[in-house]
Amino acid sequence: QVQLVESGGGLVQAGGSLRVSCAASGRTFSSAFMGWFRRAPGKEREFVAAVSWRGIDTYYADSVKGRFTISRDNAKNTVYLQMNSLKPEDTAVYYCAAASSYGGPYYYTETYNYWGQGTQVTVSS
């Protein structure tokens, strides 16, 4: 069983930066996509960013494009989300996800096989 554990969340002021990490452990698998999703209070989980197996292709939601950067370090089995110019509307629980194959779009929750427990990111005004 694959385990994904997020870390690095916390409280930051608007305009600040934060980097969240997701470490994978357990059974080894080749991840087609690693992604970040978030769930804001009172809202459904939404796509934030994703990165391909090679780590070259990256995808972002329009709301975070230009501010967030996703990357992965396969040697460390870790994916990162660097968040800059944070806004109060970025406040959410951020979830790491992994897809074991290219079975669906990178922005679909259903594409991913494994999920972390989430890490809280709070952006104050």
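Treat the numbers as computed from the prediction; the structure is a model and nothing was measured.

Draft legend 1. View of unusual backbone geometry. Even without being a glycine, Asn77 presents a positive backbone phi close to 50 degrees. Among the secondary structure elements, Asn77 is positioned in the loop between strand 7 (68–73) and strand 8 (78–83). With a relative accessible area of 46%, Asn77 lands in the partly exposed category. A positive phi angle, close to 50 degrees, is found at Ser85, a residue other than glycine. Turning to its location among the elements, Ser85 is positioned in the loop between strand 8 and strand 9 (92–99).

Draft legend 2. Region of interest: the sheet that holds strand 7. Strands sit in the order 1-3-8-7 across an open sheet of four strands; the sheet is antiparallel. Because the sheet does not close on itself, it has two edges, and the strands there are strand 1 (3–7) and strand 7. With strand direction ignored, the average angle separating the axes of adjacent strands in the sheet is 15 degrees.

Draft legend 3. Inspection of the nonpolar core at higher detail. Trp36, Leu81, Met83 and Tyr94 are the most contacted members of the largest nonpolar core, which totals 35 residues. Contributions of two or more residues to this core are made by strand 3 (18–25), strand 4 (33–39), strand 5 (46–52), strand 7, strand 8, strand 9 and strand 11 (119–124).

Draft legend 4. Representation of the packing of aromatic side chains in the model. Overall, the coordinates contain ten aromatic pairs when judged by the stated rule. With centroids separated by 5.7 Å and ring planes inclined at 75 degrees, the aromatic side chains of Phe37 and Phe47 adopt a geometry described as edge-to-face. Remark: Phe47 occurs in strand 5 and Phe37 occurs in strand 4; sequence separation between them is ten residues. Its relative accessible area of 1% is what places Phe37 among the buried residues. Overall, the relative accessible area of 12% leaves Phe47 in the buried class. Taking the centre distance of 4.0 Å and the plane angle of 20 degrees together, the rings of Tyr59 and Tyr106 count as stacked. Within this pair, whereas Tyr59 is found in strand 6 (residues 58–60), its partner Tyr106 is found in the loop between strand 9 and strand 10 (114–115), the two being separated by 47 residues in sequence. For Tyr106, a relative accessible area of 23% corresponds to the partly exposed category. Every member of this aromatic cluster is reached through a ring pair, and the members are Phe33, Phe37, Phe47, Tyr59, Tyr106, Tyr107, Tyr108, Tyr112 and Trp115. Arg45 extends its terminal NZ or CZ atom over the ring of Tyr95, reaching a point 4.0 Å from the ring centre.

What counts and what doesn't
Residues numbered from 1 in each chain as written. Predicted model: local features only at pLDDT ≥ 70, side-chain atom pairs only at ≥ 80, totals over all residues. Heavy atoms only, no water. Helix = DSSP H or I, 4+ residues; strand = E, 2+ residues; numbered from the N terminus. Buried < 20%, exposed > 50% of the residue type's maximum accessible area, 1.4 Å probe, protein only. Pairing = 2+ DSSP bridges. Axes fitted to C-alpha atoms, helices over the stretch in contact; angles between N-to-C directions. Core = buried A, V, L, I, M, F, W, Y, C linked by side-chain atoms within 4.5 Å. Phe/Tyr/Trp six-rings, centres within 6.5 Å; stacked < 30°, edge-to-face > 60°. Lys NZ or Arg CZ within 6 Å of the ring centre and 35° of its normal.

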